Amino acid sequence: MVSPTSQEVFILGLTQNGKTFRPSDWAERLAGVMSQFRPGGMRRGGHLGYSPWCVPTTMNGAKCVIVKRELQVHEPMAWDFVMNFARDNGLQTTDACLIPEAPGHTGGPASPAGSTGNTTTKA
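The structure presented is a predicted model; accordingly, all values stated were derived computationally and were not measured. (Residues numbered from 1 in each chain as written. Predicted model: local features only at pLDDT ≥ 70, side-chain atom pairs only at ≥ 80, totals over all residues. Heavy atoms only, no water.)

J.: Tell me about the side chain of E8, and please be specific about residues and values.
T.: Within the secondary structure layout, E8 lies in strand β1 (residues 8–15). The exposure class assigned to E8 is buried, which follows from its relative accessible area of 3%. One polar contact links E8 to K68, side chain to side chain, over a distance of 2.8 Å. (Helix = DSSP H or I, 4+ residues; strand = E, 2+ residues; numbered from the N terminus. Buried < 20%, exposed > 50% of the residue type's maximum accessible area, 1.4 Å probe, protein only. Polar contact = N/O pair within 3.5 Å; in protein donor to acceptor, adjacent residues only side chain to side chain.)

J.: Lay out the environment of E70 with the relevant residues and their values.
T.: Within the secondary structure, E70 is located in helix α2 (residues 70–74). Along the primary structure E70 and P52 are separated by 18 residues, whereas in three dimensions their C-alpha atoms are 9.7 Å apart. Among the polar contacts listed, one links the side chain of E70 to the side chain of W53, at a separation of 3.4 Å.

J.: An account of the nonpolar core is requested, with residue identities and associated values reported.
T.: Ranked by size, the top nonpolar core spans 19 residues in total, and within it I11, W26, M34, V67, L71 and V82 carry the most contacts. Mapped by element, the contributors of at least two residues to this core are β1, α1 (26–33), β3 (62–68) and α3 (76–88). With five residues, α3 is the single largest residue contributor to this core. F10, C64, I66 and A96 belong to the second-largest nonpolar core, a separate cluster that totals five residues. (Core = buried A, V, L, I, M, F, W, Y, C linked by side-chain atoms within 4.5 Å.)

J.: Please set out the packing of aromatic side chains residue by residue, giving values where relevant.
T.: Applying the stated criterion to the full structure yields three aromatic pairs. Through a chain of ring-to-ring contacts, three or more aromatic side chains come together here, namely F21, W26 and F85. (Phe/Tyr/Trp six-rings, centres within 6.5 Å; stacked < 30°, edge-to-face > 60°.)

J.: So what's going on with the pairing of β3? Residues and values would help.
T.: Burial analysis of β3 places five of its seven residues in the buried class, which makes it a mostly covered element. With six bridges connecting them, strand β2 (residues 54–59) and β3 associate as antiparallel partners. From the neighbouring strand, P56 faces β3, where its bridge partner is V65. Hairpin connection, β2 to β3: the antiparallel pair is bridged by two residues, and N60 has positive phi, about 55°. (Pairing = 2+ DSSP bridges.)

J.: Please give an account of the packing of α1 against α3 that cites residues and values.
T.: Remark: α1 packs on α3, axes separated minimally by 11 Å, with the N-to-C direction vectors making an angle of 160°. Relative to α3, α1 is oriented roughly antiparallel. The interaxial crossing formed by α1 with α3 has right-handed handedness. Between α1 and α3, the contacting residues are W26, L30 and V33 on the first element and F81, V82 and F85 on the second. (Axes fitted to C-alpha atoms, helices over the stretch in contact; angles between N-to-C directions. Parallel < 35°, antiparallel > 145°, perpendicular 65-115°, else oblique. Left-handed = near helix turned anticlockwise from the far one by under 90°. Contact = heavy atoms within 4.5 Å.)

J.: Can you tell me about the environment of P23, naming the residues and giving the values?
T.: Relative to the assigned elements, P23 resides in the loop between β1 and α1. A relative accessible area of 35% means that P23 is categorised as partly exposed. Taking the C-alpha atoms as reference points, P23 and G13, separated by 10 residues in sequence, lie 9.7 Å from one another.

Dropping the structure here:
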């Protein structure tokens, strides 16, 4: 169950019984389908990059997709599609929220991929 107060949901490339989900590029495929859903709507060339609301990455050696809660607010049908994909394929999901970094943190290797602000994603 996804908490309505979380800011992000991680869809992990692991099934409920712990097996690696296949195909190996599932996260990139899912994020590619979702690339048109972005702040300000679809724009020319937008399909060439991932939406900031649905980003593929790797966590603890497993593929995953980070889905921002803003997607649900702005594109509820797209949110339902992503969440149903996870449910229908028996994928593990986990909620996350943004918390401030410790003072003096430089955003080194422990920061999530693509982090540019002074927040850290914690699952």
